[in-house]
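Structure assessment
One letter stands for each residue in the lines below.
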Amino acid sequence: MRPERKGLQKEGLHSKIIRLKLTLGGILLGPSALGRNLTYLHTVFPPTSYTVLDTLANLGLLFFLFLVGLELDPKSLRRTGKKALSIAIAGISLPFALGIGSSFVLRATISSGVPEAPFLVFMGVALSITAFPVLARILAELKLLTTDVGQVAMSAAAVNDVAAWILLALAIALSSTGHSPLISLWVLLCGCGFVTFCVLVVPPMFKWIQQRCPEGEPVNEMYVCATLATVLAAGFVTDCIGIHALFGAFVIGVLVPKDGPLAGVLVEKVEDLVSGLFLPLYFVSSGLKTNVATIKGVQSWGLLVLVIFTACLGKMVGTIVVSLWCRVPFREALALGFLMNTKGLVELIVLNIGKDRGVLNDQTFAIMVLMALFTTFITTPLVMAVYKPDKKLGKSEYKQRTIQKKDPNSQLRMLACFHSTRNVPALINMMEVSRGIDTKDGLCVYAMHLMELSERSSAIQMVHKARKNGIPFWNKGQRADANQIVVAFEAYRQLSQVLIRPMTAISAMNSMHEDICDSAERKMATIIILPFHKHQRLDGQLETTRADFGHVNRRVLENAPCSVGILIDRGLGGSTHVSASNVDSTVTVLFFGGPDDHEALAYGARMAEHPGINLLVVRFLVNPEIAEESVKLDVNNGSSGADANSMDDEFIAELKQKTENRSIKYEERVVLRAAEIIEVIREHSRCNLFLVGRMPEGQLAKSLNANTSTDCPELGPVGSVLSSPEFSTTASVLVVQQYQNPLPLQSLSSLKKVEV
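Residues numbered from 1 in each chain as written. Predicted model: local features only at pLDDT ≥ 70, side-chain atom pairs only at ≥ 80, totals over all residues. Heavy atoms only, no water.

1. Considerations on the nonpolar core
Counting 127 residues, the largest nonpolar core has Phe 64, Leu 65, Leu 168 and Ile 349 as its most contacted members. When near neighbours in sequence (up to four residues on either side) are disregarded, Phe 64 contacts Val 274, Leu 279, Leu 345 and Ile 349. If you look at the next biggest cluster of nonpolar residues, it comprises 53 residues, including Ile 516, Val 556, Ile 566 and Val 671. (Core = buried A, V, L, I, M, F, W, Y, C linked by side-chain atoms within 4.5 Å. Buried < 20%, exposed > 50% of the residue type's maximum accessible area, 1.4 Å probe, protein only. Contact = heavy atoms within 4.5 Å.)

2. Let's talk about the pairing of strand S3 (residues 499–507)
Taken residue by residue, a regular strand's side chains alternate between the two faces of the sheet. Of all nine residues in S3, seven are buried; the element is thus mostly enclosed. Sheet topology note: the strand S2 (residues 443–452)/S3 ladder contains nine bridges and is parallel. Directly across from Tyr 446, in S3, lies its bridge partner Arg 501. (Helix = DSSP H or I, 4+ residues; strand = E, 2+ residues; numbered from the N terminus. Pairing = 2+ DSSP bridges.)

3. Examining helix H13 (residues 297–325)
Structurally, the α-helix is built with 3.6 residues per turn, so residues lying three or four positions apart point the same way. Given a rise of 1.5 Å per residue, 29 residues ought to cover 42 Å, and the 42 Å separating the end C-alpha atoms of H13 matches this to within 8%. Remark: Arg 327 follows H13 within two positions and exhibits a positive phi of approximately 65°. (Expected span 1.5 Å × (residues − 1).)

4. Quick notes on a nonpolar patch on the surface
Together, Leu 94, Phe 309, Leu 313, Val 317 and Val 321 make up a nonpolar patch on the protein surface, roughly 410 Å² of accessible area in all. The dominant element in the nonpolar patch, judged by the number of residues it contributes, is H13, at four residues. In this fold, Phe 309 is placed in helix H13. (Patch = residues over 30% accessible without salt bridge, like charges linked within 9 Å, V, L, I, M, F, W, Y side chains within 5 Å. Areas by Shrake-Rupley, 256 points an atom, 1.4 Å probe, with all protein chains shown as cover. Salt bridge = Lys/Arg side-chain N within 4 Å of Asp/Glu carboxyl O.)

5. A short note on unusual backbone geometry
Residue Asn 741 is joined to Pro 742 through a cis peptide bond whose omega torsion reads 0°. Here Pro 742 shows up in the loop between strand S12 (732–737) and helix H29 (745–751). Even without glycine at this site, Arg 327 takes up a positive phi of about 65°. Among the secondary structure elements, Arg 327 is positioned in the loop between H13 and helix H14 (330–339). Residue Met 524 is not a glycine yet carries a positive backbone phi of 55°.

6. Here's the deal with helix H21 (residues 512–522)
With respect to burial, H21 is a largely interior element, 10 of its 11 residues being buried. Looking only at H21, the buried set comprises Met 512, His 513, Glu 514, Asp 515, Ile 516, Cys 517, Asp 518, Ser 519, Ala 520 and Glu 521. Where H21 terminates, the next one or two residues include Met 524, which has phi positive at roughly 55°.

7. Description of the sheet that holds strand S10 (residues 664–671)
Reading across from one edge, S3-S2-S1-S4-S7-S12-S11-S8-S9-S10 is the order of the 10 strands in this open sheet, with mixed pairing throughout. Of all the strands in the sheet, the pair left with one neighbour each is S3 and S10. Pairwise comparison of adjacent strand axes, ignoring direction, gives a mean angle of 20° for this sheet. Direction of pairing for strand S9 (residues 613–622) relative to S10: parallel, over a ladder of eight bridges. Bridge pairing in S10 places Val 622 opposite Val 671. (Axes fitted to C-alpha atoms, helices over the stretch in contact; angles between N-to-C directions.)

8. Digging into the environment of Asn 688
Inspection of the secondary structure puts Asn 688 in the loop between helix H26 (674–683) and strand S11 (689–693). Apart from the residues within four sequence positions on either side, Asn 688 is in contact with Leu 572, Asp 584, Ser 585, Thr 586, Ala 731 and Ser 732.

9. Examining the packing of aromatic side chains
Counted by the stated rule, this structure contains three aromatic pairs. For the pair Phe 591 and Phe 651, a centre-to-centre distance of 6.5 Å together with 15° between the ring planes defines the contact as stacked. Within this pair, whereas Phe 591 is found in strand S8 (residues 585–591), its partner Phe 651 is found in helix H25 (residues 641–658), the two being separated by 60 residues in sequence. The same class applies to Phe 591 as to Phe 651, namely buried. Geometrically, the ring pair formed by Phe 592 and Phe 620 is stacked, given 4.6 Å between the ring centres and 10° between the ring planes. (Phe/Tyr/Trp six-rings, centres within 6.5 Å; stacked < 30°, edge-to-face > 60°.)

10. What about the pattern of salt bridges?
One pass over the structure, following the stated rule, counts eight salt bridges. Of the charged contacts, one joins Arg 619 and Asp 649 as a salt bridge, the two residues approaching to 2.7 Å between their closest N and O atoms. Taken together, the residues Arg 619 in strand S9 and Asp 649 in helix H25 connect sequence positions 30 residues apart. Among the residues examined, Arg 619 registers a relative accessible area of 7% and is labelled buried. In this structure Asp 649 comes out as partly exposed when scored by relative accessible area, which is 40%. Salt-bridge contacts for Arg 673 lead to Glu 676; the nearest nitrogen and oxygen are separated by 3.3 Å. Judged by relative accessible area, Glu 676 falls into the partly exposed class, the value being 28%. Salt bridges sharing common partners tie together Glu 667, Arg 669 and Glu 683.

11. Here's the deal with the side chain of Thr 402
Among the secondary structure elements, Thr 402 is positioned in the loop between helix H17 (379–386) and strand S1 (412–418). Every residue in contact with Thr 402, bar those within four places of it in the chain, is listed here: Thr 526, Ser 563, Glu 599, Gln 738 and Tyr 739.

12. Regarding the packing of H21 against helix H22 (residues 547–559)
With their axes 9 Å apart at the nearest point, H21 and H22 run at an angle of 40° to one another. Relative to H22, the element H21 lies oblique. As H21 packs across H22, the resulting crossing turns out to be right-handed. Here Met 512, His 513, Ile 516 and Cys 517 of H21 come into contact with H22, specifically with Phe 549, Val 552, Arg 555, Val 556 and Asn 559. For the contact of H21 with H22, the residue count by class is six nonpolar, two polar and one charged. (Parallel < 35°, antiparallel > 145°, perpendicular 65-115°, else oblique. Left-handed = near helix turned anticlockwise from the far one by under 90°. Nonpolar A, V, L, I, M, F, W, Y, C, P; charged D, E, K, R; others polar.)

In structure tokens:
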């Protein structure tokens, strides 16, 4: 696991650098570096351009705060446990107090002359805030989003975020007046009145819109435009009140319902424009205001160290002490302390507001910006250094790793992965034929949604998925999400009594296989079912959905802790679930020999327990003339070919004895060459499902492999034939690899054929 740990740390650091490079780029463009040359500065950024730049940057910031509000679910805040709430309060109170303390030092040195009350509150907020969107991405990168630490950190950060924005509103109210406390009070009361008005009026409006946006249908553009216009109007009102336009947008974002299609569409429409165009302009604007050159002398650098130390100390001590008081293990408490110290873009927003209001001067602003960059950058490596969840199970605990060696009376545990709704019908029908004898606990399925963590992934999607991770779809007291996937799985659960648990893998493509393999080991799965990376077109041919998923499948085959099946879906059972009483399918097992074929046949025997499944086993035997030559070669080379044939015979005989009373047909076909093998397979192409081993063994398998070329080595020779354009069939295919430790060299080398 050490190489994977290092790879994950590099990935987290790489993404962190991508997020911070815009901020650093803005600083370099400003007076800290290139902007020290006034000719360059006035040529590239003439004074007349600042107004346009700030207007566009603030417009983007307005919609960014709207997205931040979208990521906060008030219902989840109400469900926040005592542990997360206590950690959040401690994570705000102590840093806020230390921030006020450090503000006295700053006012006595480099910030003399600034208004006292607003400066105290701004410093407290700047040191106590936790950037919820940045934290969600860090947790996703570190694969902690669905762990206990991740759940507590997200809940605490959400409470922290709301409290910090309330305190910031107070700071702005104090700074937006002259010297009269009555005006500050008036601004604060008007702000409270605005929030009350929005809470009473806005939710019914969005509820009305949501009723006219049914799940599965496109959202009317008029509703999207109306929502964005409401955001602008709310920003205008709060700006007129004297707080800040950002607060109006944030409040509207919080009040948008999170469980309907509207929130997802708004993120989809707004996020690319904001993150791709407006936020870079905001970073440039912030960089032009940041002059690191103002930090000079021992005193200024000492104050920078003091602010960084104070910010880290307050967050970490407050979080760790309360976490230990809540009986959180020390390593987890330490990880929470580092995670809650995440600042990022939200911190820059607070600092820019303070500078625009005249509360922070140039030197203080530069010190605070560097503090925000430092604390955010160190989060990932520090968390990786102190905390690594999901310890491996001992071999004695995890025994049922293959179907062949599984206790027939024990529960079959399946990890079924899917990319989108396209994979769900075939997956549910695969569950149906796999459940065997009709017992309630005969099959337990962990349905894992594979989501890519890209540079544009929204925290609202990650957090929403993580909140549902491992929770039954039918969880009492909570309305199930009205989406097609949940409805399909819930309907099947009620009809079949199969245990189904939803899971989510939110990962970059190059590390998604780690989530799949780790989840399979944690859940002690017997088999992992993966969708093939190609889908069937209307003309029956297979078309690549996304090549990256093929790489994921190959890496899972290399590292899986149990058996693996790759499902090539050609409409298994149709586009909907077939009820148990209506199932009438033929499953054909193509048996050549070897462990993978044994596993495929054992899986087929499990399927044959279903009353609606007819199993046909086709065993390919070598022509006696070739067999004699093969035996001579095996003897000369000291090979164990005869032993392998003997094991195949014993396995077939044992299977016949166990299943003598079931609807299983068995036939043997003697063939001479690869062309005859393909012809025999064509004779059985009218079945519903082919079950084949990934790497069959024996003379015939070698002959077929030598005459088959493919760009999908994960399917093996037989699977490649069944998926080739020249082979016409409507049957779906399940290619099975049996768990072996270590994996045979032939299997490993075949997977490396297309790896770069």
